[in-house]
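Each chain, letter by letter, is given below.
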Amino acid sequence: MKRRDLMLLVSASTIIAACDPISRMVPHTSSRQRPMLIDVHAHVFNASDLPAVRFIKIVFLKHYPKQAVSVLNIDDPDSMDQLIQLFTYLVGSTRAPTAFEEVKVLDSEQRLVAANADPSENDKAMIRALAMFTQDQGVAVSEDGSSKSLEKIKKAIKEAGKASEISVSSESISDADAATMIASNAYYSYDLGLVLRWFGLFTRYRYSLAEQLARDHEKQGFAVSLICPALVDYDHWLGEHMKGKYASPLPDQVIAMGRISRRKTGPTVHGYVGFDPLRQVAFDAGIFKDYDPLALVRKALREEGFLGVKLYPPMGFRAMGNADPCQTYPGEKNQVVKQLLALAPDDTATTLQCNPRPLRGSPTLGHQLDSAMTRLFDECVKEDGVVLAHTNDSNGSNIDFSHRADPYYWIQVFERWPTLHVTLAHFGSFNAESIGKPRGASGAEASWEWTLGRFLQSNPNSPVFADISYLVENVGRGPSDQEKYDEVVRSWVRKFDPQCRHLMFGTDWMMLGLDKAYEGYTEQIYGYFKNRIGFSQTMLDRLFAGNAGTFLGLRKNDRVRERLLQFYRHYQIPESRLPEIAVT
C-alpha cells in the first residue's frame, strides 16, 4: 500500500528514522514466519457516527494537535475555532456515508462512492475541497450564530502549502490553479497535512478504514488475524443529545458493523458496541426513548457478531462507585443531566461536606449510574461479552472528569464479577496519580498502572488485561529520558506480569492517525518490547496475539468463539476466517 493511502507524509520514514532510533528496530527476521497480530483496540467510525465537531473540539484536539501543527497556534481559541470550521467544511464537501448507506453498499443494493471507498480518490476529493476553502470569500458562522473570520486557518494552509511564487497571507486565493497547488502541498505536508489527512478519514466507509488499517499492519510485516473496532457512545455527556438525530444513530452503526463482520473477503472484523450508563439512566427515566441501550448490547452480541462493549468513563462516570455523594455532573450545561437531577429527590443534605458541592439529586444520579453499570456487567457475563474501557487520564468531558477512568474504580468490578473479561486501554503513561496509591507512594509507584499491577500481582489468573494502544511515550525522547521510561516499563513487567500474560497490542487507530508516531507504529512497538524491554519471542507472541485470544475468548472451545462460529454458520461465512488462538 502506498503511504498516501493513509497519511502520505513526505519523506516521513526518513525523518522519523533520523530523529528516533526506536523506529529503526526490525520487527522480525526473514527466517521466521510473519508474526500474528490481533489489533485489540481500533476505531473505524466516520463523521456521521458521532458528534464529531464537538468531540474533536472538546475531547481530542485540545490534547494532541500541539504536537502535530506548528503553523497554527492551537492554544489560541480563534485558531481552534477556525480549524473546526475547516473540518466542518471538508467533511461537508466530501460527505461521510451513513451507516444505513454503507449497509446498502455492502448488500449490493447501492453503488459505492469512490471518494468514500478508495484512499487515493478520497485524497483527491479532500484536496479539491481544501482548494475551494482557500478560495471561499465568506466567513464562518459559529455555533452561537456569530460570524468568525477564517484568516488564521487560511494563512496556516498557505504556510503549509507555500510556493516561492505565492505570498503567504490570509487573503483568499482567486486563481484556481494556485489554490489547487497550495491545497495539494498543504495536504501532503508533514505538519498541518497530518491533520488534514486525518480529517479525510472521517469521510470514508467503515469497511474501507478497516481494510486500510489491515494493509498498514501487513506492510510492516505482520499477519493480521483480527481487527477489533470500538463504537463509542458519549453524546449525552457532550451535550449533543438535543440537537437532532445523528445521520448514523448507534443502532444503525451496530447493523453496519454486523455487515462488515459478515464479509467473506478483507480483514476479519469483530468489534465492541458503545454503552453509556447515562443514556441508560435517561432511557429508564423516559427521557431518552429511541432505544434501550442494554437491549442494543444484547442484539450486538447475539445477532451482529460483536465481541463485547466499549466504555468511556472520562466522560463523567466511574466503573463503580458513582454513588459517592460528592461526585459532580455538568448540571445546568447539560439538558439530560439537568432533567435527571430535577426528577431526583432533594438529597443535598448528604453533600454538606463536599467541595465543590454537587447539585440537588446528584447522589441519586450516582446510584442510578451504578445500577446501569451493574446491569451491564451482569449482561456481559450472561452473554459472554468482553469489556474494553478507556483508562487514561485524558479526554474528559469536564474538569477532572478524566480522573474517573482510574483503575482503582475497577477493582470492585473485578472482585464482584471475577469471570468478566476486561481490558483497561492505553497502558503505559505512568504519569497519572491513582486514588488507590499506597500511603507515601510517589512517581510511577503512585500511577494508575501500578494500581492495576498490584491487583494482577494478587490475582495473576484474573481475566483482566491492559492494552498498549496509543503508546507514543516510547517515541521522541532523549537518551536519558528514554532509559528512565524503559526502566519503569521493565520494572512493571518484572513485578506484576513477568510472563506477559496481561498486556495486549492495540493501535487506537483512527485516533493514532493524528500522531506522527503512527508511521511504522506496529513495528516500532514490536521492536521496542523486543530490543529495549527484553521480551522473549514467547512474550512477544502473547503481546501481539496470544493474550488477545484469551481476553476475547478465541481459543478452542471458548464460549465466545462458539458464539461467533454460530454467527458464521448462520451467514455461511467460512469458519476459517475466525482465528483460533493457541495460548502458550
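The preceding data block contains the structure.
Parameters at a glance
Residues numbered from 1 in each chain as written. Predicted model: local features only at pLDDT ≥ 70, side-chain atom pairs only at ≥ 80, totals over all residues. Heavy atoms only, no water. Helix = DSSP H or I, 4+ residues; strand = E, 2+ residues; numbered from the N terminus. Buried < 20%, exposed > 50% of the residue type's maximum accessible area, 1.4 Å probe, protein only. Contact = heavy atoms within 4.5 Å. Areas by Shrake-Rupley, 256 points an atom, 1.4 Å probe, with all protein chains shown as cover. Core = buried A, V, L, I, M, F, W, Y, C linked by side-chain atoms within 4.5 Å. Phe/Tyr/Trp six-rings, centres within 6.5 Å; stacked < 30°, edge-to-face > 60°. Lys NZ or Arg CZ within 6 Å of the ring centre and 35° of its normal. Disulfide = S-S within 2.5 Å. Salt bridge = Lys/Arg side-chain N within 4 Å of Asp/Glu carboxyl O. Axes fitted to C-alpha atoms, helices over the stretch in contact; angles between N-to-C directions. Left-handed = near helix turned anticlockwise from the far one by under 90°. Nonpolar A, V, L, I, M, F, W, Y, C, P; charged D, E, K, R; others polar.

Colleague: Run through the overall build of the protein chain, naming residues and quoting values.
Modeller: When its secondary structure is counted, the protein chain shows 22 helices and 10 strands. Burial statistics for the protein chain: of 584 residues in total, 61% are counted as buried. If you take every contact in the protein chain between residues at least 6 apart in sequence, the share linking residues at least 24 apart comes to 77%. Accessible area of the protein chain: about 22,700 Å², with a carbon and sulfur share of 49%.

Colleague: Got a sec to walk through the environment of Ala 183? Specific residues and values, please.
Modeller: Topologically, Ala 183 is positioned in helix 9 (residues 176-187). When its relative accessible area of 0% is taken as the criterion, Ala 183 is described as buried. Not counting residues within four places of it along the chain, the set of residues in contact with Ala 183 comprises Ile 127, Leu 130 and Ala 131.

Colleague: Explain the nonpolar core to me, using residue names and the numbers behind them.
Modeller: Core analysis: the largest hydrophobic core is formed by 143 residues, its most contacted members being Leu 311, Phe 377, Trp 410 and Phe 529. Ignoring anything within four residues of it in the chain, the contact list for Phe 377 reads Leu 311, Ala 319, Met 320, Val 387, Trp 410, Val 413, Trp 417 and Leu 420. Cys 228, Ala 545, Phe 551 and Tyr 568 belong to the second-largest nonpolar core, a separate cluster that totals 25 residues.

Colleague: Requested: an account of the packing of aromatic side chains, with residues and values cited.
Modeller: Counted by the stated rule, this structure contains 34 aromatic pairs. On the basis of an interplanar angle of 70 degrees and a centroid distance of 6.1 Å, the ring pair of Phe 430 and Tyr 485 is categorised as edge-to-face. Placement of Phe 430 in the loop between strand 8 (422-425) and helix 18 (448-458) and of Tyr 485 in helix 19 (residues 479-496) is noted, with a sequence separation of 55 residues between them. Each member of the pair, Phe 430 together with Tyr 485, is buried. Grouped by ring-pair contacts, the aromatic residues Phe 427, Phe 430, Trp 450, Tyr 485, Trp 492 and Phe 496 constitute a single cluster. Above the face of the Phe 133 ring, Lys 154 is positioned so that its terminal group lies 5.8 Å from the ring centre.

Colleague: Tell me about the state of the cysteines, residues and numbers included.
Modeller: Taken as a whole and judged by the stated rule, the model has 1 disulfide. Each disulfide pairs two cysteine sulfurs, and for Cys 326 the partner residue is Cys 354, the sulfurs being separated by 1.9 Å. The disulfide joining Cys 326 to Cys 354 has a torsion of about -80 degrees about its S-S bond and is therefore left-handed. Of this pair, Cys 326 sits in the loop between strand 6 (308-311) and helix 15 (335-343) while Cys 354 sits in the loop between helix 15 and helix 16 (362-383); the two residues are 28 residues apart in sequence, bridging distant segments of the chain. Overall, the relative accessible area of 33% leaves Cys 326 in the partly exposed class. Looking at Cys 354, the relative accessible area reads 9%, which means it is buried.

Colleague: Before we move on, could you go through the pattern of salt bridges and cite the residues and values that matter?
Modeller: For the structure shown, the criterion picks out 26 salt bridges. As a salt-bridge pair, Arg 279 and Asp 233 come within 2.7 Å of each other at their nearest N and O atoms. Placement of Arg 279 in helix 13 (residues 277-284) and of Asp 233 in the loop between strand 4 (223-229) and helix 12 (250-262) is noted, with a sequence separation of 46 residues between them. With respect to class, Arg 279 is no different from Asp 233; both count as buried. Asp 558 is paired through a salt bridge with Arg 555; the nearest N and O atoms lie 2.9 Å apart. It is possible to trace a salt-bridge network through shared partners that takes in Glu 483, Asp 486, Glu 487, Arg 490, Arg 494 and Arg 532.

Colleague: An account of the packing of helix 20 (residues 521-532) against helix 21 (residues 537-552) is needed here, citing residue identities and associated values.
Modeller: The contact between helix 20 and helix 21 brings their axes to 10 Å, and the two run at 145 degrees. Where helix 20 crosses over helix 21, the handedness of that crossing is right-handed. Taken together, the residues of helix 21 that come into contact with helix 20 (itself represented by Thr 522, Ile 525, Tyr 526, Phe 529 and Lys 530) are Gln 537, Leu 540, Leu 543 and Phe 544. Here the contact of helix 20 with helix 21 is built from residues that sort into 6 nonpolar, 2 polar and 1 charged.

Purely geometric numbers; function is a separate question.
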